[in-house]
Amino acid sequence: MPILNRAAELHDQITGWRQHLHRNPELLFDVHQTAAFVKEKLAEFGCDEVVTGLGRTGVVGVIRGRLGPGKTIGLRADMDALPLSELTGKSYASTAPGKMHACGHDGHTAMLLGAAKYLAETRNFKGSVAVIFQPAEEGGGGGREMVKDGLMERFGIETVFGMHNMPGLPVGKFAIRSGPIMAATAEFVITVTGKGGHAAMPNLAVDPIVIASQVVGALQTIASRSADPLDSIVVSVTKFHAGDAFNIIPDSAELAGTVRTLRTEVNALAEKRMRTLCQGIAEAHDASITVQYNSNYPVTFNHADETAFASGVAAEIAGASNVTTDIAPLMGGEDFSYMLEARPGAFIFIGNGDSANLHNPHYDFNDEVIPHGVSYWVRLTETALSA
Ligand SMILES: [Zn+2]
Ligand SMILES: [Zn+2]
């Protein structure tokens, strides 16, 4: 089963939607125009229900099959862009200064709209499909907000599926794995307070720069000495701010960074070790150190049965040799994780071909991917809800 004929017929129209969305990127929960566009299309397709304002600016369309009552599955796309200035030079480049669809969420939204159009036309399934368009994937937790707003209960969603494009993976290929596929993310801010003074009289000061440097060194032992070598973990200090003169030891220094893990327990270990190390270093130097540790997106965890099911569908569309079923997990975060905590499901990658990387100002979603993504969504729905 290659690409569906109807998905190929809709290719140009869906490309038009994608490029319209690309021209008009919006950030986080502030996706009002995008949500309005999605709502208008879903209503035009004849969805049985179109609900807006879920998780602030999320949109859900419900399409009932013509083969009778049955289960409900959820298909999810994300709608938000990134605070980045586009450098693609494309004719449909962003018209909003400092905002850009650099993660391909314009493509995700357009493909799910295309699938909704197809499914509303044919309704060749039993039960219902809920097409979910979420805001604020890029750091705002829009997925979490939709789940909190009762997304799963309200529409009776039993299983949920997500898809993300992947630069470097050829067009027409898919990649997935059972278990953790994307990392849990946490952010930390460490404030070291010493005692400022004359740079020529360090004995009368408590130098926060020397102490913070020891903290940076000590944090390296979380991954190298505290975590099990077989567990994946990244601890990156990405900010180090202190002082502004040649001859003054400042009062304080601030460090910040991120922790990525593939198991909740490892994230908890990282937080615990970070606090212990900071406390010990503070005591050793008569300084005080505060640690703010915010655990953010959880691990995106693919459920075994739904992953096997999704790989089977992808293999039907692309051919088994074009579906990698054991891709290594990525240490990036993804807030579809909240939906996978609420219901069983699977998150799959679809090849974007030889493009610039995600979050790069030269990145662009590849419109050639559209019929593959639409076919996947349609076939997944028809198979999951077969009579
Ligand atoms: Zn992104
Ligand atoms: Zn993304």
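Residues numbered from 1 in each chain as written. Chains lettered and ligands numbered in written order. Predicted model: local features only at pLDDT ≥ 70, side-chain atom pairs only at ≥ 80, totals over all residues. Heavy atoms only, no water.

Undergrad: Could you give an account of the coordination of the zinc ion (ligand 2), naming the residues involved and the relevant values?
TA: Under perfect tetrahedral coordination by four donors, a metal shows angles of 109.5 degrees; under perfect octahedral coordination by six donors, it shows angles of 90 or 180 degrees. At the metal site, the zinc ion (ligand 2) is ligated by Cys103 (SG), His105 (NE2) and His164 (NE2), and these contacts range over 2.1 to 2.3 Å. Read in sequence order, the donor residues for the zinc ion (ligand 2) give the motif C-x1-H-x58-H. Between the zinc ion (ligand 2) and the zinc ion (ligand 1), both coordinated by Cys103, there is a metal-metal distance of 3.1 Å. For the pair Cys103 and His105, one class covers both residues: buried. (Donors = N, O, S within 2.8 Å, 3.2 Å for Na, K, Ca; no water. Buried < 20%, exposed > 50% of the residue type's maximum accessible area, 1.4 Å probe, protein only.)

Undergrad: Which residues make up helix α7 (residues 208-226), and what values go with them?
TA: In this model α7 runs 25 Å from its N-terminal to its C-terminal C-alpha over 19 residues, within 8% of the 27 Å that 1.5 Å per residue would give. Regarding α7, the residues found buried are Pro208, Ile211, Ala212, Val215, Ala218, Leu219 and Ile222. Here the buried face of α7 lies against β8 (184-193), β10 (233-242), β11 (248-249), β12 (252-261), α8 (264-285) and β13 (288-295). Among the residues of α7, the N-terminal cap falls to Asp207, whose side-chain oxygen and the backbone nitrogen of Ile209 are separated by 2.8 Å. (Helix = DSSP H or I, 4+ residues; strand = E, 2+ residues; numbered from the N terminus. Expected span 1.5 Å × (residues − 1). Contact = heavy atoms within 4.5 Å. Polar contact = N/O pair within 3.5 Å; in protein donor to acceptor, adjacent residues only side chain to side chain.)

Undergrad: Help me get a handle on the sheet that holds β13, residues and values and all.
TA: Across the sheet, which stays open at both edges, the 4 strands sit in the order β10-β12-β8-β13 with antiparallel pairing between neighbours. The two strands at the open ends of the sheet, each matched to only one other strand, are β10 and β13. Ignoring strand direction, the axes of neighbouring strands in this sheet form an average angle of 15 degrees. Judged from the 8 bridges that link them, β8 and β13 form a sheet pairing that is antiparallel. In the sheet register, Phe188 faces β13, and the bridge partner there is Tyr293. Sheet contacts for α7: β8, β10, β12 and β13; angle to β10, the most-contacted strand, approximately 170 degrees. (Pairing = 2+ DSSP bridges. Axes fitted to C-alpha atoms, helices over the stretch in contact; angles between N-to-C directions.)

Undergrad: Quick one: what's the story with the coordination of the zinc ion (ligand 1), residue by residue and with numbers?
TA: Looking at the zinc ion (ligand 1), one finds its protein donor set to be Cys103 (SG), Glu138 (OE), Glu138 (OE) and His359 (NE2), positioned 2.0 to 2.8 Å from the metal centre. Note that the zinc ion (ligand 1) binds 4 donor atoms; their angles at the metal cover 51 to 148 degrees, and the shape is irregular. The buried category is assigned to Glu138, whose relative accessible area is 19%. His359 gets classed as partly exposed once you look at its relative accessible area, which sits at 39%. (Tetrahedral: all angles 85-135°; square planar, octahedral: opposite > 155°, others 65-115°.)

Undergrad: So what's going on with the packing of helix α9 (residues 304-318) against helix α11 (residues 370-384)? Residues and values would help.
TA: For the pair α9 and α11, the least separation of the axes is 9 Å and the interaxial angle reads 125 degrees. With respect to each other, α9 and α11 are oriented oblique. Between α9 and α11 lies a crossing of right-handed hand. Counted together, Phe309, Ala310, Val313, Ala314, Glu316 and Ile317 of α9 and His372, Ser375, Tyr376, Arg379, Leu380, Thr383 and Ala384 of α11 form the full contact between these two elements. (Parallel < 35°, antiparallel > 145°, perpendicular 65-115°, else oblique. Left-handed = near helix turned anticlockwise from the far one by under 90°.)

Function-wise, these values are silent; they only describe arrangement.
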